[in-house]
Amino acid sequence: MPPEDLPETIHVTTDEQLRAVSNLTRHRIMAVLRFEPATITQIAERVGLAKGSSSYHVRLLERAGLVKVVRTRKVRGVTERYYAMAARTIALPDPGEGAPDVLMRHAVADLEASSAQSERHVGMAHLRLTDEQFAELGARLEALADEYRKLSDPTLPDASLVFALFHPASRAKEKGGAK
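About the thresholds
- Residues numbered from 1 in each chain as written.
- Predicted model: local features only at pLDDT ≥ 70, side-chain atom pairs only at ≥ 80, totals over all residues.
- Heavy atoms only, no water.
- Helix = DSSP H or I, 4+ residues; strand = E, 2+ residues; numbered from the N terminus.
- Buried < 20%, exposed > 50% of the residue type's maximum accessible area, 1.4 Å probe, protein only.
- Contact = heavy atoms within 4.5 Å.
- Arc of directions from axis to C-beta.
- Pairing = 2+ DSSP bridges.
- pLDDT = per-residue confidence, 0-100.
- Patch = residues over 30% accessible without salt bridge, like charges linked within 9 Å, V, L, I, M, F, W, Y side chains within 5 Å.
- Areas by Shrake-Rupley, 256 points an atom, 1.4 Å probe, with all protein chains shown as cover.
- Salt bridge = Lys/Arg side-chain N within 4 Å of Asp/Glu carboxyl O.
- Phe/Tyr/Trp six-rings, centres within 6.5 Å; stacked < 30°, edge-to-face > 60°.
- Lys NZ or Arg CZ within 6 Å of the ring centre and 35° of its normal.
- Axes fitted to C-alpha atoms, helices over the stretch in contact; angles between N-to-C directions.
- Parallel < 35°, antiparallel > 145°, perpendicular 65-115°, else oblique.
- Left-handed = near helix turned anticlockwise from the far one by under 90°.
- Nonpolar A, V, L, I, M, F, W, Y, C, P; charged D, E, K, R; others polar.
- Core = buried A, V, L, I, M, F, W, Y, C linked by side-chain atoms within 4.5 Å.

J.: Just checking my understanding: could you explain the environment of threonine 39 for this structure?
T.: Locating threonine 39 in the fold gives a position in the loop between helix H2 (24-32) and helix H3 (40-47). Taking relative accessible area as the criterion, threonine 39 reaches 4% and is therefore assigned buried. Measuring from C-alpha to C-alpha, the distance between threonine 39 and arginine 71 comes to 9.8 Å, with 32 residues separating the pair along the chain. Setting aside chain neighbours within four positions, we find threonine 39 in contact with Glu80, Arg81 and Tyr82.

Okay, structure coming up:
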């Protein structure tokens with residue numbers, strides 16, 4: 001299925017889906033499948049897994065509805081399956097109070113695993129914003145990510161954009177009336 005025919009978003013709603021995306025290996029498999037279909041062998045090579053492990057993780061993602069077979073072909077009597085993401089993006093639920101944010105854990109792990117010699121732009125800014133400014137900044141960041149997602153070329157090396165806009169715990173408690 002060509003990427004333009006994919007649904008825009010899959011919303012992770014079931015425990016099975018949440019368990020599937022919570023695993024760092026499966027997160028990396030989905031990154032391989034983000035722009036183009038791949039076979040179990042290709043996935044294994046790109047992620048650095050044994051084919052059996054790659055197959056296991058892909059089957060879990062497939063069962064959760066996050067990846068699917070998009071084409072098959074016969075190679076020396078064996079049917080080769082090409083897997084792709086089932087949608088362009090995956091929307092995760094809010095982690096809830098006290099729960100770890102899966103997406104941010106994966107982003108930090110990916111950053112730590114990237115080459116120290118690779119070009120990086122990592123920063124942090126502490127801001128004091130009104131509720132309206134906070135909402136506007138969030139919308140602008142989403143729009144910027146969408147703009148560049150549309151420019152993505154699968155022939156180019158992968159680049160990841162991660163952003164988190166949040167009120168620190170002390171501010172959240174203050175807004176909720178906790179002492």
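That shown, we press on.
J.: So what exactly am I meant to see when it comes to unusual backbone geometry here?
T.: Most peptide bonds take the trans configuration, and most residues that are not glycine carry a negative phi. Despite not being glycine, arginine 76 has its phi angle at roughly 50°, a positive value. Checked against the element boundaries, arginine 76 lands in the loop between strand S2 (67-75) and strand S3 (78-85). A relative accessible area of 82% places arginine 76 in the exposed class.

J.: Got a minute to help me understand the side chain of histidine 27 in this structure?
T.: Inspection of the secondary structure puts histidine 27 in helix H2. The buried category is assigned to histidine 27, whose relative accessible area is 15%. Contact partners of histidine 27, with chain neighbours within four places excluded, come to His106 and Asp110.

J.: Looking at this model, I keep getting lost on helix H1 (residues 15-22). Mind explaining?
T.: Three- or four-residue spacings in an α-helix give side chains the same orientation, since the helix completes a turn every 3.6 residues. Within the span of H1, buried status applies to Gln17, Ala20 and Val21. Angular distribution of buried residues about the axis of H1 spans 90°; they occupy a single face of the element. For H1, exposure combined with an orientation more than 90 degrees from the buried face picks out Asp15 and Arg19. Of the surrounding elements, those touching the buried residues of H1 are strand S1 (9-11), H2, helix H4 (51-63) and helix H5 (102-113).

J.: Explain the pairing of S3 here, please?
T.: Consecutive residues of a regular strand have side chains that alternate between opposite faces of the sheet. As paired elements, S2 and S3 share eight bridges and run antiparallel to each other. Following the sheet pairing, valine 75 is matched in S3 by valine 78. With antiparallel pairing between neighbouring strands as the criterion, S2 and S3 make up a hairpin whose turn holds two residues, including arginine 76 at a positive phi of roughly 50°.

J.: Looking at this structure, I do not really get the confidence of the model for the chain. What am I missing?
T.: Low-pLDDT portions of the prediction should not be read for the details of their coordinates. Here the chain shows a mean pLDDT of 84. Residues at 70 or above account for 89%. At the low end of the mean pLDDT range in the chain sits helix H7 (residues 169-176), at 54; at the high end sits H4, at 96.

J.: Could you clarify how one ought to interpret a nonpolar patch on the surface in this entry?
T.: Taken together, the side chains of Leu18, Leu92 and Leu103 make up a nonpolar region of the molecular surface, amounting to roughly 220 Å² of accessible area. Within the secondary structure layout, leucine 18 lies in helix H1. Leucine 18 gets classed as partly exposed once you look at its relative accessible area, which sits at 33%.

J.: Quick question: what am I supposed to make of the packing of aromatic side chains here?
T.: Both the distance between ring centres and the angle between the ring planes are used here to describe each pair of aromatic rings. The tally for this structure, following the rule as stated, stands at zero aromatic pairs. The aromatic ring of tyrosine 82 is capped on one face by arginine 71, whose charged end is 4.1 Å from the ring centroid.

J.: Looking at this structure, how should I read the packing of H2 against H3?
T.: Packed helix pairs are characterised by how far apart their axes lie and by the angle those axes make with each other. Their axes nearest at 10 Å, the elements H2 and H3 cross at an angle of 115°. Classified by the angle between their axes, H2 and H3 sit roughly perpendicular to one another. Crossing of H2 against H3: the hand is right-handed. Contact residues: H2 offers Arg28, Ile29 and Val32, while H3 offers Ile43, Arg46 and Val47. A class-by-class count of the residues in the contact of H2 with H3 yields four nonpolar, no polar and two charged.

J.: I would appreciate a short explanation of the nonpolar core in the present structure.
T.: The biggest cluster of nonpolar side chains holds 20 residues, and the ones touching the most others in it are Met30, Leu33, Ile43, Val58, Leu61, Leu66 and Val67. Sorting the residues of this core by element identifies H1, H2, H3, H4 and S3 as the ones contributing at least two each. The leading source of residues in this core is H2, at three residues. Sequence-distant contacts of isoleucine 43, that is, excluding residues within four places in its chain, are made with Ile29, Val32, Leu33, Ala38, Ser54 and Val58.

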